[in-house]
Amino acid sequence: MSTPKFDEGRLMAVLVAPIVSEKATMVAEKSNAVTFKVLQNATKPEIKAAVELMFKVEVKGVSVVNTKGKTKRFGRSIGRRDNVRKAYVTLKAGQELNLSGEVA
């Protein structure tokens, strides 16, 4: 099975930001998975290709969660948080991804 080719510029835009939270850290320790905020229309193969391209690691699998934005009030006005698409990227055994910029 040949890997489909993606536009490199698009792949650079697919990963919006890494998610750093208690839950994301627990998942990372438990199942060697990294959590990213991704574009709403990003596909699993695109996410996999983007992570492999940017971090030079082997990806085992990608799980995706869509979260609806909550309605919030700011004083009198009502606003809405954006919808978020999260990707849990599982890395192959022995692979590690260093998100923090610190050098060991």
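Before reading on, note that the structure itself is shown above.
Computed from a predicted structure; not experimentally measured.

(A) Layout of the side chain of Thr35. Along the chain, the position of Thr35 falls in strand E2 (residues 33–38). Leave out the neighbours within four places in its chain, and Thr35 touches Pro18, Ile19, Ala24, Lys86, Ala87 and Tyr88.

(B) Structural context of the sheet that holds strand E6 (residues 84–91). Ordered in space as E1-E2-E6-E3, the 4 strands form an open sheet in which the pairing is antiparallel. Strands at the two margins of the open sheet, each flanked by one partner only, are strand E1 (15–18) and strand E3 (59–67). The mean inter-strand angle of the sheet, taken between neighbouring strand axes irrespective of direction, is 30°. Pairing analysis gives 3 bridges linking E1 to E2, with the strands arranged antiparallel. Paired with Leu15 across the strands is Val38, a residue of E2. Lying on the sheet, helix H2 (residues 22–31) is in contact with E2 and E6; it crosses E2 at an angle near 140°. Across the face of the sheet, helix H3 (residues 44–55) comes into contact with E1, E2, E3 and E6 while running at roughly 125° to E3.

(C) Spatial organisation of the nonpolar core. In terms of nonpolar packing, the biggest core is built from 18 residues, with Leu15, Phe36, Ile47, Val51 and Val89 touching the most fellow members. Elements with a minimum of two residues in this core: helix H1 (8–14), E2, H3, E3 and E6. Those residues in contact with Val89, other than ones at most four positions away along the chain, are Asn32, Ala33, Val34, Phe36, Ile47, Val51, Val59 and Gly61.

Cut-offs applied
- Residues numbered from 1 in each chain as written.
- Predicted model: local features only at pLDDT ≥ 70, side-chain atom pairs only at ≥ 80, totals over all residues.
- Heavy atoms only, no water.
- Helix = DSSP H or I, 4+ residues; strand = E, 2+ residues; numbered from the N terminus.
- Contact = heavy atoms within 4.5 Å.
- Pairing = 2+ DSSP bridges.
- Axes fitted to C-alpha atoms, helices over the stretch in contact; angles between N-to-C directions.
- Core = buried A, V, L, I, M, F, W, Y, C linked by side-chain atoms within 4.5 Å.
- Buried < 20%, exposed > 50% of the residue type's maximum accessible area, 1.4 Å probe, protein only.

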